[in-house]
Amino acid sequence: MRQRSKRRAAFRGRPSSFSRVIPFLLLILSAFSPALYAQDYAFLNASDLTLNRQRLTQQQAPELTLAAWQTLHRAADKTLKQPLLSVTDKGMTPPGGSKHDYLSLSAYWWPDSHQPDGLPWVKRDGHVNPASKNNQSDGVRLASFTANVQTLTLAWYFSGDRRYADKAIALIRHWFINPATRMNPNLKYAQGVPGIADGRHTGVLDGRYFATRVVDSLVMLRQAPGWRAEDEQQMQQWMKDYLAWLLTSREGKGEAAAKNNHGSWYSAQVAGIAWYVQRPEVIHQMLQQAQRRMAGQLTADGRQPLELARTRSFHYSWFNLQALTALATVVGHSGKGDLWHFRTPQGAGLLTALDFMAPWSDGAKRWPYPSLDHVGVRLIPLLVQADNQLKSQRYRQKIERADWTLPEAGSARGATLDAQRASWLLTVPIYSR
């Protein structure tokens, strides 16, 4: 709040497309896909987005909302200049022989220094092998693509500037639709480990962004002037094929059986895709699946032993709760159940786990378990979502006391910016409405 006047002045002085906005309604076009649910979006909230857009347009937004918008706006401007992305851009060819198949390498596996050829690779949990993060495979490319689509779509929503929507649509067509560059709807070569497996069920985790970033972007773009009925039809078909693969493949079934955060993200991902293709019964199945799994994930006091055993114990404890919170949100929007109030036989639940983690949303408070990293504000969007969904102020003090000071560089800076966007631009904390 210390630089509030300076930030407002900067926003007013910056060329803005708000002055060119013609107000538009946030409704699903019936010609594309009739809404079956009480909410338009799987993970976002239409009323929160509308309120923040109105506040920004009228220059009445809270400082943190304004700061998050300015950051997103700058990112969108940079993304306009970036090339389209496709799985066919990678240097490696998947074992099946087609570059249309997605391929990634598992991040925590490294060549074995004791073997002449380095094979098979060995695991170093928490330590990322740079070979998994280059253009030879698709892992970074998928993350960048989905982030770019979401950033551009949101920039169009909040500004009305068609350039952003047009670029988002071009990215979507290039990745999913155009015959020469489209991705095949599977992840069978994801998170492979040289010398061990071409792909593993753990690689299904890579696809979580198709749900959390792309699904709501597709819904939002139905209002964009450049979105065509044939685009919607092609995306519906791609997502239906991908959902079928998730539900029936060996890799999908393997991830569904995972006991830790991988299983939680499988349920959240499948539920998000099912939302888009209007399969409410699948959303309910994912709720039941997660409820069974949570009995082995949570202790009575809300700890997550499977995640605490990792070298990045804070990160993975947050990561699992991020998946469960996302699932609870889409389930709630669909009207197909309630994960927020669910309790395991031990009496634990999502709120118990959030209660346990909430004190460490303060990054200055020492996390009591061994961990390679601790970015406390990552918890804030989960606390905001819980309060908003439950119409409570359970976590208000933690949210109000969050330190949004940006680290100078590195992954912690990006994580802080992402958390600020999720907490203050994509949602409105219930006590600040």
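Structural notes, computed from the coordinates.

A few points about the pattern of salt bridges
(1) Moving on: The final tally for this structure, using the stated rule, is 16 salt bridges.
(2) Moving on: The closest approach of N and O atoms between Lys90 and Asp138, which form a salt bridge, is 2.7 Å. Of this pair, Lys90 sits in the loop between α3 (63–80) and β1 (103–105) while Asp138 sits in the loop between β3 (122–123) and α4 (139–159), and the two are 48 residues apart along the sequence. Asp138 matches Lys90 in its accessibility class, with the two residues each being buried.
(3) Moving on: Close ionic contact of Arg162 with Asp166 constitutes a salt bridge, the shortest N to O distance being 3.2 Å. Of the two residues, Arg162 and Asp166 are both situated in helix α5 (residues 162–177); the distance of four residues between them amounts to about one turn of the helix.
(4) Moving on: Since its relative accessible area comes to 42%, Arg162 is described here as partly exposed.

Observations regarding the packing of α3 against α4
(1) Moving on: At a closest axis distance of 9 Å, the pairing of α3 and α4 adopts a crossing angle of 120°. Classified by the angle between their axes, α3 and α4 sit oblique to one another. In this structure, α3 crosses over α4, and the sense of that crossing is left-handed. Contacts between α3 and α4 involve Trp69, Leu72, Ala75, Ala76, Thr79 and Leu80 on the former and, on the latter, Asn148, Thr151, Leu152, Leu154, Ala155, Phe158 and Ser159.
(2) Moving on: Broken down by class, the residue content of the contact of α3 with α4 amounts to nine nonpolar, four polar and no charged.

Details of the side chain of Gln420
(1) Moving on: Relative to the elements of secondary structure, Gln420 occurs in helix α16 (residues 411–424).
(2) Moving on: A relative accessible area of 7% means that Gln420 is categorised as buried.
(3) Moving on: Residue contacts for Gln420: discarding those within four places in its chain leaves Leu64, Ala67, Ala68, Trp404 and Leu425.

The rules behind these values
Here the residue numbers are simple positions, counted from 1 along each chain's written sequence. With pLDDT at 70 or above as the cut-off, local features in this predicted model cover only qualifying residues; side-chain atom pairs require 80 or more to be listed or tallied, and sums for whole chains, interfaces and linings still use all residues. With hydrogens and water set aside, each side-chain value is computed from the structure's full complement of heavy atoms. Throughout this description, the term salt bridge denotes a Lys or Arg side-chain nitrogen within 4 Å of a carboxyl oxygen of Asp or Glu. Going along the chain from the N terminus, every DSSP run of H or I of four or more residues is numbered as a helix, and every run of E of two or more is numbered as a strand. Here's how the labels work: a residue is buried when its accessible area is under 20% of the maximum for its type, exposed when over 50%, partly exposed in between, all with a 1.4 Å probe on protein chains only. Only C-alpha atoms enter the line fits that serve as axes; for helices the fit covers just the stretch in contact. Angles between N-to-C directions range over 0 to 180 degrees. Working rule for angles: under 35 degrees goes down as roughly parallel, over 145 as roughly antiparallel, 65 to 115 as roughly perpendicular, anything else as oblique. Note on convention: near helix rotated counterclockwise from far helix by under a right angle means a left-handed crossing. Clockwise means right-handed. Note on definitions: a residue-residue contact is assigned when non-hydrogen atoms from the two residues lie within 4.5 Å. Residues were grouped as follows: Ala, Val, Leu, Ile, Met, Phe, Trp, Tyr, Cys and Pro as nonpolar; Asp, Glu, Lys and Arg as charged; and all remaining residues, including Gly, as polar.

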